[in-house]
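Spelled out from the first residue to the last, the chains are:
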Amino acid sequence: MADAATVDSADADEDIDLSALDDDDLIAQMHDDLYDGLGPEIVEGTELLLGRGWGADKVLNEALVEAMRIVGIDFRDGILFVPEVLLAANAMKAGMAVLRPLLAETGAEPIGKIVIGTVKGDIHDIGKNLVGMMLEGAGFEVVDLGINTDVDEFLGALAEHRPDILGMSALLTTTMPYMKVVVDTLIEQGLRDDYLVIVGGAPLNQEFGEAVGADAYCRDAAVAAETATDLIKARRAAAA
Ligand code: B1M
């Protein structure tokens, strides 16, 4: 049974009227709410900020991504554990669902197609989902293979969808080498030149991208959208 202090603190949380907070306090409260895995509050805060004229990018970065950065630090330091981080991730996804139509909004003709997935052994998908949204916003058709994607699934999707680009995401130092397995298989099967390959994820860097034989490493979702567009334009210009 909850003790009096717990009940008081829960009541205090329930009493917070998010709409009465100014922007700075609302952002601080959303960091707390995401940390605590409170999806409905994150949705409400996200909608409030959008209603106050904030751009979707700004809400994403200042409210959601920043809150998840704090979660990451406490996860690393053993203050938070997997169940709590999962709740935080679900709250983040609830906020992202509100932002998705805004980030993915585009009036343009499709610029190209990308098949994207998180590599085998890895179930982190928030960053990959964001990359997919930003690419949609840049005018890409996105085929998302989800998490824990092995080389056969990647190859099958390439054969089925014939995209311009293959995108791979990894968040673990133990799973990022799998990107090389996929690229090497493309080479072995004589398919490497048929696709542009972009890679990303928190533990990667430029050097790693080059080492696995990708065409580009992308630091974040905005860079991924920009890079994918530039790579396609360059390839089409070279072919013309
Ligand atoms: Co995980 N986890 N986790 N986790 N988790 C990390 C990655 C970790 C750094 C935490 C830590 O210790 N500080 C650590 C990895 C350490 C390492 O490898 N060196 C870690 C660990 C250890 C683990 C487990 C092993 C824990 C355990 O079980 N003991 C386990 C592994 C499970 C598995 O995958 N097999 C695990 C599990 C989980 C949860 C399930 C609880 C949850 C994932 C929920 C989900 O994704 N649906 C989770 C979370 C949420 C995290 C942290 C806290 C946050 C990740 C995130 O969503 N960030 C993370 C700590 C951290 O990264 N600071 C951590 C927000 C997101 C917007 O950023 O994903 O980096 P990010 O994506 C960015 C860029 O990287 C880039 O653009 C994105 C947007 O700008 N990007 C790309 C990403 N993919 C790209 C692809 C591109 C281009 C750019 O082109 C294709």
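Above this text is the structure in question.
If you're wondering where the values come from, they're calculated on a predicted model, not measured in any experiment. (Residues numbered from 1 in each chain as written. Predicted model: local features only at pLDDT ≥ 70, side-chain atom pairs only at ≥ 80, totals over all residues. Heavy atoms only, no water.)

(A) Quick peek at the packing of helix α5 (residues 82-103) against helix α6 (residues 126-137). Packing of α5 against α6 brings their axes to within 10 Å, and their N-to-C directions diverge by 5°. By the criterion of interaxial angle, the relationship of α5 to α6 is roughly parallel. In contact with A89, M92, K93, M96, R100 and L103 of α5, α6 contributes I126, N129, L130, M133, M134, E136 and G137. When grouped by side-chain class, the residues that make up the contact of α5 with α6 number 8 nonpolar, 2 polar and 3 charged. (Axes fitted to C-alpha atoms, helices over the stretch in contact; angles between N-to-C directions. Helix = DSSP H or I, 4+ residues; strand = E, 2+ residues; numbered from the N terminus. Parallel < 35°, antiparallel > 145°, perpendicular 65-115°, else oblique. Contact = heavy atoms within 4.5 Å. Nonpolar A, V, L, I, M, F, W, Y, C, P; charged D, E, K, R; others polar.)

(B) Representation of the side chain of D125. Mapped onto the elements, D125 comes out in the loop between β1 (112-118) and α6. Assessed through its relative accessible area of 16%, D125 is described here as buried. If we skip the residues at most four places from it in the chain, D125 touches K93, T118 and I147. (Buried < 20%, exposed > 50% of the residue type's maximum accessible area, 1.4 Å probe, protein only.)

(C) View of the sheet that holds strand β3 (residues 165-169). Here 5 strands make up an open sheet; going across it, the order is β2-β1-β3-β4-β5 and the pairing parallel. Two strands lie at the open edges of the sheet, namely β2 (140-144) and β5 (216-218), each paired on one side alone. Recorded for the sheet is a direction-independent mean angle of 25° between the axes of neighbouring strands. By the bridge criterion, 5 bridges tie β1 to β3 in an arrangement that is parallel. The residue bridging G117 from the neighbouring strand is M168, located in β3. Packed onto the sheet, α6 meets β1, β2 and β3 and runs at close to 155° relative to β2. (Pairing = 2+ DSSP bridges.)

(D) Highlighting the nonpolar core. Counting 48 residues, the largest nonpolar core has L34, L64 and F140 as the members making the most contacts within it. Every residue in contact with L34, bar those within four places of it in the chain, is listed here: I42, L64, A67, M68, V71, A88, A91 and M92. Grouped together as the second largest cluster of nonpolar side chains are 25 residues, Y178, V182, V197 and V212 included. (Core = buried A, V, L, I, M, F, W, Y, C linked by side-chain atoms within 4.5 Å.)

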